[in-house]
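Examination of the molecular architecture
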Number of protein chains: 2
Amino acid sequence: MENFTFENPTKLIFGKGTISRLATEIAPEKRIMVCYGGGSAKRNGVYQQVKDALKDHFSIEFWGIEPNPDYDTVMKAVALARQNDIDYLVAVGGGSVIDATKFIAHAIPYDGEDPWQLAIHNELITRSTPLAVVLTLPATGSEMNHRGVLSRRRTKEKVSFITPFSFPRFSILDPEVTYTLPRKQLSNGIVDSFMHIMEQYMTTTGNSVLMDRWAEGALLSLIEIGPKVLEHPTDYDTMANFMLCTTMALNGFVGMGVPQDWATHRIGYELTILYGLDHAETLAVVFPALLTILKEQKKEKLAQYAERVWHIQDGNTDQKADKAIEKTVTFFRQMGLRTRMSEYGIPAEAVDIIYQRLKKSGAVYGEKKNVDAEMARAIFAQSL
Amino acid sequence: MENFTFENPTKLIFGKGTISRLATEIAPEKRIMVCYGGGSAKRNGVYQQVKDALKDHFSIEFWGIEPNPDYDTVMKAVALARQNDIDYLVAVGGGSVIDATKFIAHAIPYDGEDPWQLAIHNELITRSTPLAVVLTLPATGSEMNHRGVLSRRRTKEKVSFITPFSFPRFSILDPEVTYTLPRKQLSNGIVDSFMHIMEQYMTTTGNSVLMDRWAEGALLSLIEIGPKVLEHPTDYDTMANFMLCTTMALNGFVGMGVPQDWATHRIGYELTILYGLDHAETLAVVFPALLTILKEQKKEKLAQYAERVWHIQDGNTDQKADKAIEKTVTFFRQMGLRTRMSEYGIPAEAVDIIYQRLKKSGAVYGEKKNVDAEMARAIFAQSL
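Keep in mind the model is a prediction, meaning the values are calculated, not measured.

Describing the overall build of chain A
- Secondary structure assignment for chain A yields 15 helices and 8 strands.
- Taken over the C-alpha trace, chain A has a radius of gyration of 21 Å; the compact-globule value for 384 residues is 21 Å, and the two agree within 12%.
- Looking at the 384 residues of chain A, the share that counts as buried comes to 61%.

Written as structure tokens, this is what we have:
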């Protein structure tokens, strides 16, 4: 096992009727800005619950955080917060709203000239406005982790920032708020959280007995819950199980002392930036192709995954690995996602366009830092 | 799933050579008291590592915290800390030293007349001296939770106290410090952590898909690791896996939104108080008998446990439940523990003595609050 430091101070408040806890969890003298996305919070009743809970606090609202939140949008929120002496933020939404609010929290007290530097050089983040979350879309795990992703459309950049200052003080997860989510967002949420586990698990065998079991346990849970979520999206226990899985998929609980991969996430960003795919769609396209290209490297772990998660006992290591990849594709498709670039209308030229961009950036990804521009080209060619 | 609030702010510092981190994790101006047990820290080299790490801090030492720490002992530590204006505590040891240090942390700033009240009425604990841990004996999970157990031999009491102020600020877990542990303490540690998982798992089915998987994953891990720990207690990865399992067994990670039991722990205390059994020994005696007596109530979950943890696929629910109990007994015995009162030389009269004590206390335990004095009598009679 590798040496590690684990810390996750976020308080999780989970269950029916818990949005009202905003009233008591935030000190009465705080000046709050509540950050929202595009308006779904008004349609599903969450807006009214938040408003009722904060009726005795000073609070203002910022609306309009878009999917894949943009730097220009969050800087408008920063300006509004500064004008109003805001000292507490509440993100009401899914990963995009939460990630944006994390960046807003870091940028408000920052007195440097160019706040974009905070997204690039995370060590510049040394204090932040405290933030809480009311989660409406289970998927990214941002409600209980120190990660965030920010885009800058003007410069075609998408960066991931990590800092302990990004942990929310508390997050409220009421499964009832998920009942009105569009089917597409449920599908994406299942695949997104499945892939968060996979990035921490699909490396080599023998690193941590317990972390492997917990990762496999979370994968088994998502495989069991996934079809039920799509069939019964207003069943409380189903949605509670779903919500808990998505949060636990990326809060550090399955990643202690083990190598991690994340190449699928990182090269997948290109498909969002260039062709507008949803984040989960990029994962469903890239991951099966990555496993095929890196099969030799990941074969032993693929066989373990085949045995323990898909109950495949027949065949040799190689055959088990192949079957595990097939099963994974089938699961993504069962969840309603397409798994090839061509199915999303992306032309074959994309392979070379992405190759050129990655070559220019010089970045290398993956557990063994061997997913460079060349290997990414092979992966995208495989995924056509 | 039940509504729940989860919070665990303890920072875990895990791996080889990490004791030196004490130097930087505690602010230089702190006045530290380091709390020790009976002297094993001097024999295994941990004492010297702690001393070296704290060489630039002001620090004093308190020695002599006994197994099942006693109120009179901890109050001597409180007096010493007050005399020296101590404002940071470091527990170096296993569960007993950590639990004692937690109580010392609560008692130092308490200005009430009778600090024992803090152990009984936990809501009286409203501030505490910060504390850190260097773990030397993996077993209780106290290094990453808000629980503690304190005994008062003078009055034959043993109480468990729970408060968010009991979370250590950080805990250092270096698997290498476990190499010199006596075999008996390793056996106890495995059974103790196995039972911590069981108390959170062996209730009813269908509460949480993920928590069930994680509990089963931890049980599978301990079953795999247990024999290796006894055979190869100086193998780094084996001991690292063991140490991680024991911490994760009782830090809230497998207990979210699920009913819990804890009857085995609570009625098992009697065997420690009256007959001096180690804590883990009481669990190995009580649990199989409790499962036998409560088989009807726990049958469905026992069958799930049989299938997923012991891979028992044949037979009906009843037969699976029986086999699961047998397998559990076999595992405890394989770990070197005896599982019957008579094997520890406890006479048959004990059953009635304990019955009278429990009847007098009037307490009821277990997930369904039906383990009263009568049922405890049946359980102890079964365990003779």
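Considering the pairing of strand β8 (residues 170-173) of chain B
Residue and element names in this part refer to chain B.
- Where burial is concerned, the two faces of β8 agree: the one with F170 and I172 and the one with S171 and L173 are both buried.
- Strand direction decides the pairing type here: strand β5 (residues 131-135) and β8, joined by 3 bridges, are parallel. Directly across from V133, in β8, lies its bridge partner S171.

Section: helix α11 (residues 279-293) of chain B
Residues and elements named next belong to chain B.
- With 15 residues, α11 should cover 21 Å at 1.5 Å per step; its first-to-last C-alpha distance of 21 Å lies within 8% of that length.
- At V286, α11 shows its maximal bend, which comes to roughly 25°, and the proline P288 appears one to four places after that position.
- The element α11 is largely enclosed, with a buried count of 13 among its 15 residues.

A few points about the interface of chain A and chain B
- Taken residue by residue, the interface counts 40 residues in chain A and 40 residues in chain B.
- With both sides pooled, the region where chain A packs onto chain B buries about 3600 Å², and carbon together with sulfur makes up 61% of that total.
- For the chain A face of the interface with chain B, the top three residues by lost area are A:M1, A:V209 and A:W214, together amounting to 19%.
- Across the contact surface, chain A and chain B share 0 salt bridges.
- Between the two partners, chain A and chain B, sit 13 residue pairs in polar contact (both at pLDDT 80 or more).
- Where the side of chain A that touches chain B is concerned, the elements lending two or more residues are β1 (4-14), α8 (209-231) and α9 (236-248) of chain A.
- When its residues are assigned to classes, the side of chain A that touches chain B shows 23 nonpolar, 10 polar and 7 charged.
- As paired strands, β1(A) and strand β1 (residues 4-14) of chain B are joined by 7 bridges and run antiparallel to one another. When the bridges of β1(B) are listed, A:L12 appears paired with B:F6.

Focus on the packing of aromatic side chains
All names here are of chain A.
- In this structure the tally under the stated criterion is 31 aromatic pairs over all chains.
- Considering the side-chain rings of F194 and F332, the 5.8 Å spacing of their centres and the 85° angle between planes classify their relative orientation as edge-to-face. Taken together, the residues span a long stretch of sequence, with F194 in helix α7 (residues 183-201) and F332 in helix α13 (residues 317-334) at a distance of 138 residues.
- For F332, a relative accessible area of 0% gives the class buried.

So, the domain arrangement of chain A
Residues and elements named next belong to chain A.
- Per the domain assignment, the segments of chain A are domain 1 (11-177) and domain 2 (183-382).
- Look at where the C-alpha atoms of domain 1 and domain 2 centre, and you get two points 27 Å apart.
- Every contact between the two is made by 25 residues of domain 1 and, on the other side, 25 residues of domain 2.
- Between domain 1 and domain 2 the total buried area reaches about 2000 Å² when both faces are included, carbon and sulfur atoms providing 67% of it.
- The tally of links between domain 1 and domain 2 comes to 0 salt bridges.
- On inspection of domain 1 and its partner domain 2, the count reaches 3 residue pairs in polar contact (both at pLDDT 80 or more).
- Mapped by element, the contributors of at least two residues to the side of domain 1 that touches domain 2 are β1, β6 (147-152) and β7 (157-162).

A look at the UniProt feature "domain: Fe-containing alcohol dehydrogenase-like C-terminal" (unreviewed entry) in chain A
- Cross-referencing UniProt, the feature "domain: Fe-containing alcohol dehydrogenase-like C-terminal" (unreviewed entry) maps to residues 190-361 of chain A in the present numbering.
- Taken end to end, residues 190-361 of chain A is 71% helix and 0% strand, and its first and last C-alpha atoms sit 31 Å apart.

Some words on the nonpolar core
- Residues A:L22, A:Y305, B:L22 and B:Y305 are the most contacted members of the largest nonpolar core, which totals 276 residues.
- Once residues lying within four places of it in the same chain are set aside, the contact partners of B:Y305 are B:F194, B:M198, B:Y201, B:M202, B:L219, B:W310, B:A324 and B:T328.

Let's talk about the environment of A:D70
Residue and element names in this part refer to chain A.
- Examined against the element boundaries, D70 turns out to sit in the loop between β3 (58-62) and α4 (71-83).
- The class for D70 is buried, based on a relative accessible area of 6%.
- Note: C-alpha distance between D70 and S151 (81 residues apart in sequence) is 4.9 Å.
- Setting aside anything within four residues of it in sequence, one finds D70 in contact with L150, S151, R152 and R153.

Concerning the sheet that holds β3(A)
- Taken in spatial order, the 12 strands of this open sheet run β3(A)-β2(A)-β4(A)-β5(A)-β8(A)-β1(A)-β1(B)-β8(B)-β5(B)-β4(B)-β2(B)-β3(B), and their pairing is mixed. The open sheet terminates on both sides in strands that have one partner only, identified here as β3 of chain A together with β3 (58-62) of chain B. Pairwise comparison of adjacent strand axes, ignoring direction, gives a mean angle of 25° for this sheet.
- Lying on the sheet, helix α9 (residues 236-248) of chain B is in contact with β1 of chain A together with β1, β5 and β8 of chain B; it crosses β1(B) at an angle near 155°.

Some words on the relation of the copies chain A and chain B
- Note on the copies: chain A fits chain B at an RMSD of 0.0 Å, the axial shift is 0.0 Å, and the rotation between them is 180°. On the angle and the small slide along the axis, the relation comes out as a two-fold axis. No C-alpha of chain A approaches the rotation axis more nearly than that of A:P9, which lies at 2.2 Å.

Conventions used here
- Per chain, residues are indexed from 1 in the order of the written sequence.
- Labels are handed out in written order, letters beginning with A for the chains and numbers beginning with 1 for the ligands.
- Reporting in this predicted model follows two pLDDT cut-offs: at least 70 for local features of residues, and 80 or more for side-chain atom pairs to be given and counted; totals over whole chains, interfaces and linings ignore these cut-offs and use all residues.
- The basis for every side-chain value is the complete set of non-hydrogen atoms in the structure, without hydrogens or water.
- Labels follow the DSSP assignment, with helices taken as runs of H or I lasting at least four residues and strands as runs of E lasting at least two, numbered in each case from the N terminus.
- As a reference, a globule follows 2.2 Å times the number of residues to the power 0.38, and the radius of gyration itself is taken over C-alpha atoms.
- Partly exposed residues are those whose accessible area sits between 20% and 50% of the maximum for their type, while under 20% is buried and over 50% is exposed, using a 1.4 Å probe and protein chains only.
- At least two DSSP bridges between two strands are required for those strands to pair.
- The span one expects for a helix is its residue count, reduced by one, times 1.5 Å.
- Throughout, bend refers to the angle between the axes fitted to the seven residues that end at a position and the seven residues that start at it.
- Any pair of residues with heavy atoms lying within 4.5 Å of one another is described as a contacting pair.
- A quick way to say it: buried area is the sum, across both parts, of accessible area lost when two parts are put together, with a 1.4 Å probe.
- Salt bridges, as used here, are contacts in which a Lys or Arg side-chain nitrogen is within 4 Å of a carboxyl oxygen on Asp or Glu.
- Side-chain atoms alone can form a polar contact between residues adjacent in sequence; in general such a contact is a pair of N or O atoms within 3.5 Å, and within protein one must be able to donate a hydrogen while the other accepts it.
- Under the scheme applied, nonpolar residues are Ala, Val, Leu, Ile, Met, Phe, Trp, Tyr, Cys and Pro; charged residues are Asp, Glu, Lys and Arg; polar residues are all the others, including Gly.
- Only centres within 6.5 Å qualify two rings of Phe, Tyr or Trp (six-membered ring in Trp) as a pair; their planes then separate them into stacked at under 30 degrees, edge-to-face at over 60, and tilted for everything else.
- Bear in mind that the domain bounds are from an automatic or database domain assignment.
- UniProt positions are given in the numbering used here, feature names are shortened, and annotations may be inferred rather than shown by experiment.
- For the purposes of this section, nonpolar cores are sets of buried Ala, Val, Leu, Ile, Met, Phe, Trp, Tyr and Cys residues that join through side-chain atoms within 4.5 Å.
- For every element, the axis is a line fit to its C-alpha atoms; helices are fit only across the contacting stretch, and the angle between N-to-C directions ranges from 0 to 180 degrees.
- For the least-squares superposition of copies, only C-alpha atoms count, and only for residues with pLDDT at least 70 in both.

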